[in-house]
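# Structural features, examined
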Amino acid sequence: ACVRAATRSARALRTGLAEAAPGLAGPLVRLLADPDPGVRAAASAALCNVVLDFSPAKAALLDAGVLPALARLAVSPAPAERLNAAWALQNLAYHATPGLRPRLLGELPWGTAASLAADPDDGRVRVRALNLLQNLFAHASPADCAATAAWGGAGLFEELAWRVREGAAVLAVTTVWPV
């Protein structure tokens, strides 16, 4: 909880956590496998900010095995864990380097990403999953876009089309358009 609170400040992420990153990464990743669901939820919530692109802790967390740990949490029966995993994965995918994107695609099965995008319990999980998919394509080279498309196959575009249609239907019902 303290790490999560500290990571809400971009300044703390860039300065104070830079020194703590090597010692923080391993224990934080291990907490993602704690038997207590509250501990897993708190650790995964802290990771949402710690893995941001400008965070000096990002590299240490990747080295400590955060990707496979987040992929495991993404299929958790606990909605809070799925939300935090999707959020952290979304942030990892943002401006992903050419070296990180294939690692992310390798650790996160397409079926898991699709399940997050269709999460039955929490619309916030769906939003984070769709942001993850967007971030995998944003700022990507044509080769990285092709690799992402191959990872998801036809299901990727079907899922995106379904979510766009679903959003359009919600807007049509809830929005009063000016006459």
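So, on to the overall build of the protein. Scanning the protein from N- to C-terminus turns up 11 helices and 0 strands. Each helix and strand of the protein, ordered N terminal to C terminal, gives the series α-α-α-α-α-α-α-α-α-α-α. Relative to its 179 residues, the protein shows a buried fraction of 43%. With the model as given, the accessible surface of the protein reaches about 8900 Å², and the carbon-plus-sulfur share is 64%.

Okay, the side chain of Lys 58 next. Tracing the chain through its elements places Lys 58 in helix α5 (residues 57-63). Among the residues examined, Lys 58 registers a relative accessible area of 10% and is labelled buried. Excluding residues within four positions of it along the chain, Lys 58 makes contact with Val 50, Val 51, Leu 52, Asp 53, Leu 92, Tyr 94 and Leu 100.

Let's shift gears to the packing of aromatic side chains. Across all of its chains, the model carries 2 aromatic pairs by this definition. Plain terms: the ring middles of Trp 110 and Trp 151 are 5.3 Å apart, the flat faces sit at 80° to each other, and that makes the pair edge-to-face. Taken as a pair, Trp 110 in helix α9 (residues 110-117) and Trp 151 in helix α11 (residues 142-174) lie far apart in primary sequence, 41 residues in all. Ring plane angle 45° and centroid distance 6.4 Å describe the contact between Phe 137 and Phe 157, whose orientation is recorded as tilted. Taken together, the positions of Phe 137 in helix α10 (residues 123-137) and Phe 157 in helix α11 put the pair 20 residues apart, joining distant regions of the chain. The exposure class assigned to Phe 137 is partly exposed, which follows from its relative accessible area of 23%. Geometry around Trp 87 places Arg 128 over its ring, the cationic atom sitting 3.8 Å from the centre.

This paragraph deals with the environment of Phe 137. In this structure the C-alpha to C-alpha distance between Phe 137 and Ala 93, which are 44 residues apart in sequence, comes to 8.9 Å. Setting aside residues up to four positions removed in sequence, Phe 137 forms contacts with Cys 145, Thr 148, Ala 149, Leu 156 and Phe 157.

The next thing to look at is the packing of helix α8 (residues 100-107) against α10. For the pair α8 and α10, the least separation of the axes is 11 Å and the interaxial angle reads 140°. Accordingly, the angle class assigned to the pair α8 and α10 is oblique. α10 is crossed by α8, and the crossing has left-handed handedness. Of the residues in α10, those in contact with Arg 101, Leu 104 and Leu 105 of α8 are Leu 132, Asn 135 and Leu 136. Looking at the contact of α8 with α10 residue by residue, the classes come out as 4 nonpolar, 1 polar and 1 charged.

As a further point, take the pattern of salt bridges. Evaluated as defined, the whole model comprises 5 salt bridges. Residue Arg 40 is joined to Glu 81 by a salt bridge in which the shortest nitrogen-to-oxygen separation is 3.0 Å. Taken together, the residues span a long stretch of sequence, with Arg 40 in helix α4 (residues 37-50) and Glu 81 in helix α7 (residues 79-93) at a distance of 41 residues. Arg 40 sits in the buried class, given a relative accessible area of 18%. With a relative accessible area of 2%, Glu 81 lands in the buried category. Across the pair Arg 82 and Asp 119 runs a salt bridge whose closest N-O atoms are separated by 2.5 Å. Here Asp 119 lies in the loop between α9 and α10 and Arg 82 lies in helix α7, a separation of 37 residues in the sequence. With relative accessibility at 8%, the residue Arg 82 sits in the buried group. The exposure class assigned to Asp 119 is buried, which follows from its relative accessible area of 3%.

What counts and how
- Residues numbered from 1 in each chain as written.
- Predicted model: local features only at pLDDT ≥ 70, side-chain atom pairs only at ≥ 80, totals over all residues.
- Heavy atoms only, no water.
- Helix = DSSP H or I, 4+ residues; strand = E, 2+ residues; numbered from the N terminus.
- Buried < 20%, exposed > 50% of the residue type's maximum accessible area, 1.4 Å probe, protein only.
- Areas by Shrake-Rupley, 256 points an atom, 1.4 Å probe, with all protein chains shown as cover.
- Contact = heavy atoms within 4.5 Å.
- Phe/Tyr/Trp six-rings, centres within 6.5 Å; stacked < 30°, edge-to-face > 60°.
- Lys NZ or Arg CZ within 6 Å of the ring centre and 35° of its normal.
- Axes fitted to C-alpha atoms, helices over the stretch in contact; angles between N-to-C directions.
- Parallel < 35°, antiparallel > 145°, perpendicular 65-115°, else oblique.
- Left-handed = near helix turned anticlockwise from the far one by under 90°.
- Nonpolar A, V, L, I, M, F, W, Y, C, P; charged D, E, K, R; others polar.
- Salt bridge = Lys/Arg side-chain N within 4 Å of Asp/Glu carboxyl O.

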